[in-house]
Amino acid sequence: MKEDNEHVQRTIQEQNGQSRREFILTSALAVAGAGAAGILNPARAFGGESKYPSVQENGPYPTEGMAAYSETGPLKLMQFQRRALGAKDVAIKIHYCGVCHSDIHTIHGDWGKIQYPQIVGHELGGEVVAVGSSVSKFNVGSRVGVGTMVDSCRHCPECLRGSENYCENGNTQTYGSKDRDGSITQGGYSKFVVVDEDFVLSIPDSIDLAEAGPLLCAGITTYSPLRHWSVAPGKKVAIVGLGGLGHLAVQLAAAMGAEVTVITTFPDKVEDARRFGAKDVLINKDGADFSKYKRAFDFILGTIPYQHDLDRFIPILKRDATLCRVGVGKLTTPNEYGQMTTVLSRTSLAGSNTGGIRQTQEMLSFCALNKIKPQITKISMNEIDEAWLKVVAKKARYRFVIDMKA
């Protein structure tokens, strides 16, 4: 396994050899396959529910999901339709969907006004039950996932280089975005979805489908900056916050060979942090003395979505090092830092926004090779409200996943 991991690391870093697309395809096939092909019985594919059409039909497809009708109040079951299959569309029966804090921020209006009713969820794991006439990447029966995006402009410089998450014309988010037909996209707290094949991910067979979804948001959101800032053996990395994002960030950074330190406000998470791969754990409490860690870290990844003191962490960066934030909370409560904080050692404060489709597939292969997975708790659709309360209260350990069969 160590030799396999070193081989993947070398392959990723090659500048003039195998293309990134070739790496994705070959590594995924070598580790676990790009998704088993097969023909499913239509009744089994849709859970035996007569209200669903057979896979031979092109839709539109009636389905249901748990929707929010206001900023507050419980989620309610909503009947709606997914669009008919286009030539490049893939129809997916959703088996699992992770619960991300972003879902809660969106519904609560923390990131701006939205249109209700709204179904959230962008950590989908399921299987293909029908494909459009021009689909070439998937077959009926393929194990697949859908992350934070379902479309983009496809022609801007960012899209052409495989960074659809930074699409200059704005990508189409899995929920809360205007879709190609003018409707508002509805997310994965539902039983069925139709997505363009270019925004569907192959789930390696060695990854449990229930554990795949969180990798498509929390996983790629932390993997992308770790790769961008060249986290590797010999690097000292600090992960601030050990939640849904942080517990995956620790595993990823450790698998990349870094010496990882976790900074958390919860003393009861020390054992978990070490189990995930941390060498050291710092308890971030009022009056905590971090002076002995001055200029100790090559990179810091901040996953906290709440307002907090950045001046506590920037001084523990080495000269010319970076603190990258991926945790985003209420936009009305921005974080601030002192004017001299970054000047004294020429440090940088940055941010990062998930990753493109190609990099997400790369991340899945990396996780399969290194046995990286989220720690999840499965819930049913009628337990989502309770799960949200626990997420806000910081009691999730570490990702709730909706089981559509429960």
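Here, every reference points to the structure presented above.
Owing to the predicted nature of the structure, the values given are computational and were not obtained by experimental measurement.

> Quick rundown of the pattern of salt bridges? Include the residues and the values.
When charged atoms on two side chains of opposite charge get close, those side chains can pair. If you walk through the whole model with that rule in mind, you get 22 salt bridges. Across the salt bridge formed by D151 and R154, the nearest N and O atoms sit 2.9 Å from each other. A relative accessible area of 12% places D151 in the buried class. The class for R154 is partly exposed, based on a relative accessible area of 32%. Measuring nitrogen to oxygen at the nearest pair gives 3.9 Å for the salt bridge that ties R397 to D268.

> Please provide a residue-by-residue account of helix α10 (residues 384–392), values included.
Of the positions making up α10, those classed as buried are I384, A387, W388 and V391. Summarising the axial view, the buried residues of α10 lie within an arc of 105°, below the 170-degree limit, and thus occupy one face. Elements that come into contact with the buried residues of α10 comprise β1 (61–67), α4 (101–107), β16 (376–379) and β17 (399–403). Backbone geometry just after α10 places K394 at a positive phi near 65°.

> Please give an account of the sheet that holds strand β14 (residues 317–325) that cites residues and values.
Read from one edge to the other, the open sheet built from 6 strands follows the order β12-β11-β10-β13-β14-β15, with strand pairing classed as parallel. Strand pairing shows two members of the sheet lacking a second neighbour, β12 (280–283) and β15 (348–351), which therefore form its edges. The average undirected angle you get between the axes of adjacent strands in this sheet is 20°. Note that strand β13 (residues 297–302) and β14 share 5 bridges and pair parallel. In the strand pairing of β14, G302 is matched with R325.

> Requested: an account of the pairing of strand β11 (residues 259–264), with residues and values cited.
Among the 6 residues of β11, 5 are classified as buried, and the element is accordingly described as predominantly covered. Relative to β11, strand β10 (residues 236–240) runs parallel, the two being bridged by 5 bridges. Among the inter-strand pairings, A238 is bridged to a residue of β11, identified as T261. Handedness of the crossover joining β10 and β11 through helix α7 (residues 246–255): right-handed. Here β11 runs beside β12; their pairing, made up of 4 bridges, is parallel. When the bridges of β12 are listed, I263 appears paired with L282. The parallel pair β11 and β12, bridged by helix α8 (residues 270–276), forms a crossover whose chirality is right-handed.

> How would you sum up helix α9 (residues 357–370)? Please name residues and give values.
Along an α-helix, residues three or four positions apart point the same way, because every turn accommodates 3.6 residues. Between the first and last C-alpha of α9 there are 20 Å, a value that for 14 residues agrees with the 20 Å anticipated at 1.5 Å per step. A large share of α9 lies buried, amounting to 12 of its 14 residues. In the segment just after α9, K371 is the residue with positive phi, at about 55°.

> Can you break down the environment of G126 residue by residue, with the values?
Mapped onto the secondary structure, G126 falls in strand β4 (residues 124–131). The buried category is assigned to G126, whose relative accessible area is 1%. Remark: the alpha-carbon pair of G126 and K93, spanning 33 residues in sequence, is separated by 5.5 Å. Beyond its immediate chain neighbours, meaning those up to four positions away, G126 contacts I92, K93, I94, H95, S142, R143, V144 and L209.

What counts and what doesn't
- Numbers given for residues are sequential positions, taken from 1 along each chain in its written order.
- Residues qualify for local features only when their pLDDT is at least 70, as the model is predicted, and side-chain atom pairs are given and counted only at 80 or more; totals for whole chains, interfaces and linings, by contrast, use all residues.
- No hydrogens and no water enter the side-chain calculation; it runs on all heavy atoms of the structure.
- Think of a salt bridge as a Lys or Arg side-chain nitrogen and an Asp or Glu carboxyl oxygen that are within 4 Å of each other.
- In this scheme, a residue with accessible area under 20% of its type's maximum is buried, one over 50% is exposed, and one in between is partly exposed, where area comes from a 1.4 Å probe on protein chains only.
- Only runs of H or I of at least four residues qualify as helices and only runs of E of at least two qualify as strands under DSSP, and these elements are numbered from the N terminus.
- Note that the arc is computed from the directions linking the helix axis to the C-beta atoms.
- Here, two residues are considered to be in contact whenever any of their heavy atoms come within 4.5 Å of each other.
- We treat two strands as partners when DSSP finds at least two bridges between them.
- The angle between two axes is taken between their N-to-C directions and runs from 0 to 180 degrees, where each axis is a line fitted to C-alpha atoms and a helix contributes only its stretch in contact.
- We call a crossover right-handed when, viewed with the strands running away from us, the connection from the first strand over the helix to the second turns clockwise.
- Multiply 1.5 Å by the residue count of a helix minus one, and that product is the helix's expected span.

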